[in-house]
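Fold and geometry: a report
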Amino acid sequence: MIWGQQMRHFLSGLAISAALITGGAPVMAQNLFQPVIYVNDRAVTRFEVEQRTRFMQLLGAPATSAAEAEQALIDDRLRDFAAKQMGIAATDQGLQEGLEEFASRAGLSAAEFTAQLEQAGVDHQTFRDFVAAGVVWRAVIRQRVVPTINVSEAEIDQELTRQVETPILSRVLVSELIIPA
């Protein structure tokens, strides 16, 4: 009888050990802060992918999947890398202006927009990172592209003339379209 109890304890201990060993792998796979991919020695974590997916869905992006969110985060990391190579970084003031500008599209302040995101389960850092990537990328484009643009005064005058001469119809009445017989 004692031998049976010892055997049962041994087997249950063995079963628990096996469950911990094999059951630990799925738990580790579900670690939110586990890197999913590395971009230039910077990790993109499962948490970031889940947050970006939720964020994009809240913004109404069509059919946002985890793969699309992952690709967007990779693109953001590449944009940040390009900006750092050029010595560009988002200032606190520039970031705050970017947050306010983005939130204003929804008719909210940055604080109100962030509060609504947090109520929907999106961390405020996700919003900040999204906007920061856009802010530095704009600066990169300005530094790389703007110096290569050469618009003459004649081209500006020509476009202004075209804008002024093109009639703008804001309202047409149906009675104006029907010609009496």
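Our structure's up above, just so we're on the same page.
Here the structure is a predicted model, which means the values were calculated and not measured.

**A short note on the pattern of salt bridges**
For the coordinates displayed, the defined rule picks out seven salt bridges. Its salt-bridge partner being Arg 105, residue Glu 101 comes within 3.2 Å of it at the nearest N-O pair. Residue classification places Glu 101 among the partly exposed residues on the basis of a relative accessible area of 34%. Since its relative accessible area comes to 59%, Arg 105 is described here as exposed. Between Arg 162 and Glu 159 there is a salt bridge, and its shortest N-O distance comes to 2.7 Å. Taken together, the residues Arg 162 and Glu 159, both in helix α7 (residues 153-165) and three residues apart, mark about one turn of the helix.

**Quick look at the environment of Gln 125**
Along the polypeptide, Gln 125 turns up in helix α6 (residues 124-144). Considered as a pair, Gln 125 and Gln 51 are 74 residues apart in the sequence and their alpha carbons are 9.4 Å apart.

**What to know about the packing of aromatic side chains**
Evaluated as defined, the whole model comprises seven aromatic pairs. Considering the side-chain rings of Phe 33 and Phe 47, the 5.2 Å spacing of their centres and the 35 degrees angle between planes classify their relative orientation as tilted. In this pair, Phe 33 sits in the loop between α1 (2-29) and β1 (35-39) while Phe 47 sits in helix α2 (residues 46-59), placing the two residues 14 residues apart along the sequence. Take Phe 47: its relative accessible area is 24%, and that puts it in the partly exposed class. Summarising the aromatic geometry, the rings of Phe 102 and Phe 127 are spaced 5.7 Å apart at their centres and angled 55 degrees between planes, so their arrangement reads as tilted. Of this pair, Phe 102 sits in helix α4 (residues 92-104) while Phe 127 sits in helix α6, and the two are 25 residues apart along the sequence. What makes Phe 127 buried here is its relative accessible area of 0%. Members of the aromatic cluster, connected to one another through ring pairs, are Phe 55, Phe 102, Phe 113, Phe 127 and Phe 130. If you follow Arg 79 out to its NZ or CZ, it ends over the ring of Trp 137, 5.7 Å from the centre.

Conventions used here
Residues numbered from 1 in each chain as written. Predicted model: local features only at pLDDT ≥ 70, side-chain atom pairs only at ≥ 80, totals over all residues. Heavy atoms only, no water. Salt bridge = Lys/Arg side-chain N within 4 Å of Asp/Glu carboxyl O. Buried < 20%, exposed > 50% of the residue type's maximum accessible area, 1.4 Å probe, protein only. Helix = DSSP H or I, 4+ residues; strand = E, 2+ residues; numbered from the N terminus. Phe/Tyr/Trp six-rings, centres within 6.5 Å; stacked < 30°, edge-to-face > 60°. Lys NZ or Arg CZ within 6 Å of the ring centre and 35° of its normal.

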